[in-house]
Amino acid sequence: MTTSAVKNNLLPPGLVSNLQQVLLSRKGGEDEQSKKNGDDSDEKSSSTSPSDEIESNSDKDDLRPIVLVTNGDGIESPGLTYLVEALGREDLYNVHVCAPQSDKSVSGHSVTLGETVAVSSAEIHGATAFEVSGTPVDCVSLALSGALFSWSNPLLVISGINKGSCCGHHMIYSGVVAGAREALISGVPSMSISLNWKKDESQDSDFKDAATVCLPLITAAIRDIKKGIFPKSCLLNVEVPTSALTNKGFKLTKQSLWRSTPSWQAIPANKSAGRFMSNQQSLGMQLAQLSRDASAAGAARRLTTQRKNFGDKEQDDMDEDIDFRAVQDGFVAITPLSLSPHIELDIQTAASEWISAALHTEQ
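The model shown is predicted, which means the values in this text are computed figures rather than measured ones. Once a new chain begins, its residue numbering starts again from 1 and follows that chain's sequence as written. In view of the model being predicted, local features appear only for residues whose pLDDT reaches at least 70, and side-chain atom pairs are presented and counted only at 80 or more, with totals across whole chains, interfaces and linings using the full set of residues. To get the side-chain values, all heavy atoms of the structure are used, and hydrogens and water are removed first.

Brief notes about the pairing of strand 1 (residues 66-70)
Type-normalised accessible area, obtained with a 1.4 Å probe on protein chains alone, sets the label of each residue: buried when under 20%, exposed when over 50%, and partly exposed for intermediate values. The helix count covers DSSP runs of H or I at least four residues long, the strand count covers runs of E at least two residues long, and both are numbered beginning at the N terminus. Most of strand 1 is tucked away, with 5 of its 5 residues classed as buried. Residues Ile66, Leu68 and Thr70 point to one face of strand 1 and Val67 and Val69 to the other, with burial holding for every one of them. As defined by bridge partners, strand 1 adjoins strand 2 (residues 94-100) across 4 bridges and the pair is classed as parallel. Note that in strand 2 the partner of isoleucine 66 across the bridge is asparagine 94. Handedness is read with the strands pointing away from the viewer; a crossover is right-handed when the path from the first strand over the helix to the second is clockwise. Tracing the backbone out of strand 1, into helix 4 (residues 78-88) and back to the parallel element strand 2 gives a crossover that is right-handed. Pairing between strands is defined by DSSP: at least two bridges between the two strands are required.

Here it is, written out as structure tokens:
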């Protein structure tokens with residue numbers, strides 16, 4: 001399934017106008033309620049929890065859909081910043097952020113058990129934000145627990161925008177996909193977004209373009225979650241091509257079987273490298289995995305040598321509906337991912353019908 005490219009990546013004017021009218025019509029009630037809130041402020045304890053602070057925000061926030069944003073690259077990553085800016089551009093969403101304090105991009109679905117995690121507030125324009133000394137899964141789990149935010153659940157969880165493709169088996173390693181998966185496990189609709197970053201070609205501003213391109217899809221998801229017609233049994237993994245604004249459109253894809261190739265290299269046995277593979281000291285060597293080629297282009301280069309798990313046959317070079325092939329060809333690839341492979345066909349069908357209808361409406 002392929003749709004034409006979204007030429008106007010801004011929100012539909014009609015949708016913006018209608019929501020703005022609703023907000024304006026309720027402004028009077030909000031001001032009156034704000035006064036009441038001010039009268040009650042003296043009764044609050046001087047020691048407040050993070051959720052208490054959020055509850056003291058303007059009631060205007062209660063009128064907007066709540067969107068939780070996390071990622072795998074860390075709280076200061078440009079992908080997260082530009083995504084939050086795009087969501088707050090029209091003041092239509094109540095954006096909350098709970099993201100790792102540092103880069104956890106290849107953490108998979110790891111969680112922190114039996115240890116404490118540190119949480120502190122963060123400054124991100126247009127959002128209530130916290131940074132966590134844990135993994136993306138920790139962040140989503142903590143955010144949905146009610147320990148940080150006063151709401152019970154957000155309407156949608158978005159994990160991204162990741163620096164680098166998360167196609168194929170890289171989804172297993174990916175922290176950004178794991179963040180969205182944790183939301184799905186908790187019963188909250190979610191999507192993960194990645195940009196096919198190319199070294200020496202891509203730049204931070206490309207994340208802004210990627211966020212703009214994905215905004216119509218996010219808008220459609222929020223609209224249909226409210227209607228109860230958004231797919232409930234899967235998350236959507238969105239892969240944006242390198243040149244986001246010149247994309248060929250959105251395309252429903254399948255997860256491919258390729259995996260990134262690890263680059264293991266021997267390193268000098270000195271103090272600075274002593275923490276790497278310390279259990280291998282008896283072998284007289286130390287090794288470190290320095291990088292993984294996780295780009296769609298790298299996947300294409302290995303296509304002829306990649307083999308399927310079943311039947312030991314080469315992956316079909318002509319299959320244009322696999323994720324990295326679509327990204328390499330310039331499409332925004334949307335891959336539905338389920339928690340149970342036994343219902344994959346049903347999920348693929350449901351997701352395909354929703355994506356087709358949603359993108360047709362947005363255009």
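Considerations on helix 4
Every buried residue of helix 4 is accounted for by Gly79, Leu80, Leu83, Val84, Ala86 and Leu87. The buried side chains of helix 4 occupy one side of the element, clustering within an arc of 160° when seen end-on. Every residue pair with non-hydrogen atoms within 4.5 Å of one another is taken to be in contact. Residues of helix 4 that are buried sit in contact with strand 1, strand 2, strand 4 (127-132), strand 5 (156-163) and helix 8 (205-227). Note that the arc is computed from the directions linking the helix axis to the C-beta atoms.

Concerning the sheet that holds strand 4
Here 9 strands make up an open sheet; going across it, the order is 3-4-2-1-5-6-7-11-8 and the pairing mixed. Every interior strand has two partners, whereas the edge strands, strand 3 (119-122) and strand 8 (250-252), have only one. The sheet shows a mean angle of 25° between the axes of neighbouring strands, direction not considered. Axis angles are defined between N-to-C directions and span 0 to 180 degrees, where every axis is a line fitted to C-alpha atoms and, for a helix, only to the segment in contact. Lying on the sheet, helix 4 is in contact with strand 1, strand 2, strand 4 and strand 5; it crosses strand 5 at an angle near 135°.

Section: the nonpolar core
Definition of nonpolar core: a set of buried residues of the types Ala, Val, Leu, Ile, Met, Phe, Trp, Tyr and Cys, connected through side-chain atoms within 4.5 Å. Counting 51 residues, the largest nonpolar core has Leu87 and Val97 as the members making the most contacts within it. By size, the runner-up hydrophobic cluster in this structure holds 15 residues, among which are Ile66, Leu68, Val132 and Ala183.

Describing unusual backbone geometry
In the segment running from glycine 160 into isoleucine 161, the intervening peptide bond is cis, with an omega of 0°. Along the chain, the position of isoleucine 161 falls in strand 5. Phi at aspartate 200 is positive, roughly 70°, even though this residue is not glycine. With respect to the secondary-structure elements, aspartate 200 resides in the loop between strand 6 (190-195) and helix 8. A residue is classified by how much of its surface remains accessible, and aspartate 200, at 78% relative accessible area, is exposed.

Remarks on the packing of helix 4 against helix 8
The angle between the axes and the distance between the axes are what describe a pair of packed helices. For the pair helix 4 and helix 8, interaxial distance at closest approach is 8 Å and the crossing angle is 45°. Considering their axes alone, helix 4 and helix 8 lie oblique with respect to each other. Judged by the sense of rotation from one axis to the other, the crossing of helix 4 with helix 8 is right-handed. Along its contact with helix 4, which presents Pro78, Gly79, Tyr82, Leu83, Ala86 and Leu87, the element helix 8 presents Ser205, Phe207, Lys208, Ala211, Leu215 and Ile218. What sets the label is the angle itself: under 35 degrees gives roughly parallel, over 145 gives roughly antiparallel, 65 to 115 gives roughly perpendicular, and the rest give oblique. Definitions for this section: a left-handed crossing has its near helix turned counterclockwise from the far helix by less than a right angle. A right-handed crossing has that turn clockwise.

Focus: the packing of aromatic side chains
How two aromatic rings sit relative to each other is set out by the distance from centre to centre and by the angle between their planes. Stacked, tilted and edge-to-face are the three classes assigned to paired rings of Phe, Tyr and Trp, where Trp is represented by its six-membered ring and a pair needs centres within 6.5 Å; plane angles under 30 degrees give stacked, over 60 edge-to-face, the rest tilted. Applying the stated rule across the entire model yields 4 aromatic pairs. A centroid spacing of 4.9 Å and a plane angle of 10° characterise the contact between phenylalanine 149 and tryptophan 151, whose relative ring orientation is stacked. Here phenylalanine 149 falls in the buried class, since its relative accessible area comes to 1%. Of the residues examined, tryptophan 151 reaches a relative accessible area of 9% and is grouped as buried. Summarising the aromatic geometry, the rings of phenylalanine 230 and tryptophan 354 are spaced 4.8 Å apart at their centres and angled 80° between planes, so their arrangement reads as edge-to-face. Residue phenylalanine 230 is located in the loop between helix 8 and strand 7 (234-240), and its partner tryptophan 354 is located in helix 11 (residues 344-362); the two are separated by 124 residues in the primary sequence. Given a relative accessible area of 5%, tryptophan 354 falls into the buried group. Aromatic rings pair up to connect Phe130, Phe149 and Trp151 into one cluster. Only when the NZ of Lys or the CZ of Arg is both within 6 Å of the ring centre and within 35 degrees of the ring normal is a charge said to sit over the ring. The cationic tip of lysine 163 hangs over the ring face of tryptophan 197; the distance from NZ or CZ to the ring centre is 4.4 Å. Its guanidinium or amino end placed over the ring of phenylalanine 331, lysine 251 lies 4.8 Å from that ring's centre, counting from NZ or CZ.

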